[in-house]
Amino acid sequence: MSEPASPPVTDTAALLPPPVAARGPRPTVIVDDLHVNYTVYATGRPAKNESTKLLRRAVNMRRARKIHALKGISFTAHQGEAIGVIGRNGSGKSTLLRAIAGLTPADQGAIYADSDPTLLGVNAALINELSGERNVVLGGLAMGLTPDQVREKYDDIVDFAGIGEFIELPMRTYSAGMGARLRFAIAASATHRILLVDEALAVGDADFQRRSERRISELRDAAGTVFLVSHSLKVIQDTCQRTLWIDAGILRLDGPSAEVIAAYNASVR
Amino acid sequence: MSVVVPAPSHGHPRDDRPSHDDLAALAAEHGLPKLGSRPALTDYVRQLWGRRFFCFGLARARFRSQNEQDRLGIAWIVLRPLINAAVYGFIFGLLLPKSSRQDNFVASLVVGVFIFQFFAACLTDGAKSITGNSGLIKSLHFPRAVLPFATVIEQVLALVPMLVVMLVVALATGEPVRLKWLELVPALALMTLFCTGIAMIAARLTIHIRDITQLIPFLTRLVFYLSGIFYKSPGADAKGGQSVLATVLEFNPVHVYISLVRGAVIVGEAAPAHTWRLGIGFGVVFFLVGFVYFWRAEERYGRE
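What you are looking at is a predicted structure, and each value in this text was computed from that prediction instead of being measured. (Residues numbered from 1 in each chain as written. Chains lettered and ligands numbered in written order. Predicted model: local features only at pLDDT ≥ 70, side-chain atom pairs only at ≥ 80, totals over all residues. Heavy atoms only, no water.)

Peer 1: Please give an account of the packing of helix α3 (residues 52-66) of chain B against helix α7 (residues 146-172) of chain B that cites residues and values.
Peer 2: All names here are of chain B. For the pair α3 and α7, interaxial distance at closest approach is 8 Å and the crossing angle is 50°. Classified by the interaxial angle, the pair formed by α3 and α7 is oblique. Two packed elements cross with a definite hand, and for α3 against α7 that hand is right-handed. Residues Phe54, Cys55, Phe56, Leu58, Ala59, Arg60, Arg62, Phe63 and Gln66 of α3 form the contact with α7, whose participating residues are Val146, Leu147, Phe149, Ala150, Ile153, Glu154, Leu157 and Ala158. For the contact of α3 with α7, the residue count by class is 13 nonpolar, one polar and three charged. (Axes fitted to C-alpha atoms, helices over the stretch in contact; angles between N-to-C directions. Helix = DSSP H or I, 4+ residues; strand = E, 2+ residues; numbered from the N terminus. Parallel < 35°, antiparallel > 145°, perpendicular 65-115°, else oblique. Left-handed = near helix turned anticlockwise from the far one by under 90°. Contact = heavy atoms within 4.5 Å. Nonpolar A, V, L, I, M, F, W, Y, C, P; charged D, E, K, R; others polar.)

Laid out in structure tokens, this is it:
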């Protein structure tokens, strides 16, 4: 982003920032050469050496294995953008979102972000032993709302989730779809400047999908940035104007959704 | 359904991808802070204060759900340590000579077991406060110190009914109602500080070495036997020197807090000023050390 050649300025004008229009949309998330490793403990492949294999089994030693989930991702996201993230299973899409949400620390590189980005995910568990009601309250408080603000939004959240009397039951009794609906409703109740959505739209019936798509565009219009991970290329095409294609931890393509999706389809075929 | 997005200014960033320095400079120009870097200690405290409602809400919800599934519900919070005390009282009342016991054995034992229970729960649940809440950590962004804090608050909530039973036992065994009961407030406040420090240290250690949770039952058992719960300190021996056990008891924080509580409840067990000084010292030092130690690994929580 280069500054336009500015005309000679007076002393007072020099103190003012350049006009906003000249700077283009403001960046909200800057990802700079991001690497993320996971250490997983697994018995893994059998040891080559039979004697050490027995030894390992005897002391039940777990081997640490490093998984290089993201290998140097860079891009800049701007205000008012909805960005789709596509790629095969295990390509690093969810890791990228978790890293941007500040939930998985970067091993190398950096992420700069405007405000605390919020991740809405299917896996994101609240507290399973507690009822939906208590999870709504706790979820709101965890996002930094005050008890009064939570009380104000409570009915909206419950209505949006639309899970009826199940709201009084512990979340462990919920179906996967109901849990995801409630989590989405809680997270979407606050206005986030940066919202990360991980496959949340894939669950729920057609009616819920329609409502959540509408809510996402509302959030984006509220001058936010939305990231959307989905295997449904149609949802990405409909909702996002720009798409990132992640392949084996590397950013393969970044550009207008139509182009990226076409290239992705060509490679999968 | 299609949504039209105002065209952003980027064209094909793949072709003219900016360099490292450009991105860092761009972030600086727009004042975007770097994510995942550990906040300064003062900012961390402020963030934590911002989540105080969450912290209390979490503690209360956990406390209520904990005993909901049993028929006797919350009564178990009191019944468990009472039965515990009864078992120890029965065994050690038979095993140990009367001379090694405190004067009001029943009240001393109940105070000891109940106060120890508070410590043990903070240590055990504190150690699990990060690893046992990975769902919450992986889905929401908040200062992680909320979790060990909420664990301790949950135990404080459990301590309240235990205190009531403890005072009932004291009255039933002939102790009078007196103003000195007010000393319970500073004594338990100091102990809560100490336990918070312990919970934070245990929470972080468990991140580094999972196996610690296997050792904690042995550690608590050891502290239990070294806290003078069912025997009194041997004190000075015939030569005027102190036995090793007496020295261990004197400087064992858990025994210090048990002594302070006994001093408030039981006549003739008044705690000396020396014990109060130790109680203040352990409370403040463990809390500060535990807090800083926990904060220094803030960016690591959630990597597992």
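Now, onward.
Peer 1: Quick one: what's the story with the side chain of Thr28(A), residue by residue and with numbers?
Peer 2: With respect to the helices and strands, Thr28(A) occurs in strand β1 (residues 27-42). Looking at Thr28(A), the relative accessible area reads 2%, which means it is buried. Side chain to side chain, Thr28(A) and Thr225(A) meet in a polar contact 2.7 Å long. Beyond its immediate chain neighbours, meaning those up to four positions away, Thr28(A) contacts Ala77(A), His78(A), Gln79(A), Tyr112(A), Ala113(A), Asp114(A), Ile194(A), Thr225(A) and Leu32(B). (Buried < 20%, exposed > 50% of the residue type's maximum accessible area, 1.4 Å probe, protein only. Polar contact = N/O pair within 3.5 Å; in protein donor to acceptor, adjacent residues only side chain to side chain.)

Peer 1: Outline unusual backbone geometry, supporting the account with residue identities and numerical values.
Peer 2: It is generally the case that most residues other than glycine have a negative phi and that most peptide bonds are trans. Of note in this structure, Asp33(A) is not a glycine but carries a positive phi near 50°. Structurally, Asp33(A) can be placed in strand β1.

Peer 1: Account for the environment of Thr104(A), naming residues and giving values.
Peer 2: Residue and element names in this part refer to chain A. Tracing the backbone shows Thr104 in the loop between α4 (93-100) and β4 (108-113). For Thr104, a relative accessible area of 4% gives the class buried. Thr104 sits 165 residues away from Arg269 along the chain, and the two C-alpha atoms are 33 Å apart. Thr104 has contacts with Val36, Tyr38, Arg98 and Ala99, leaving out every residue within four places of it along the chain.

In short, the description is geometric, and any link to function would need to be established separately.
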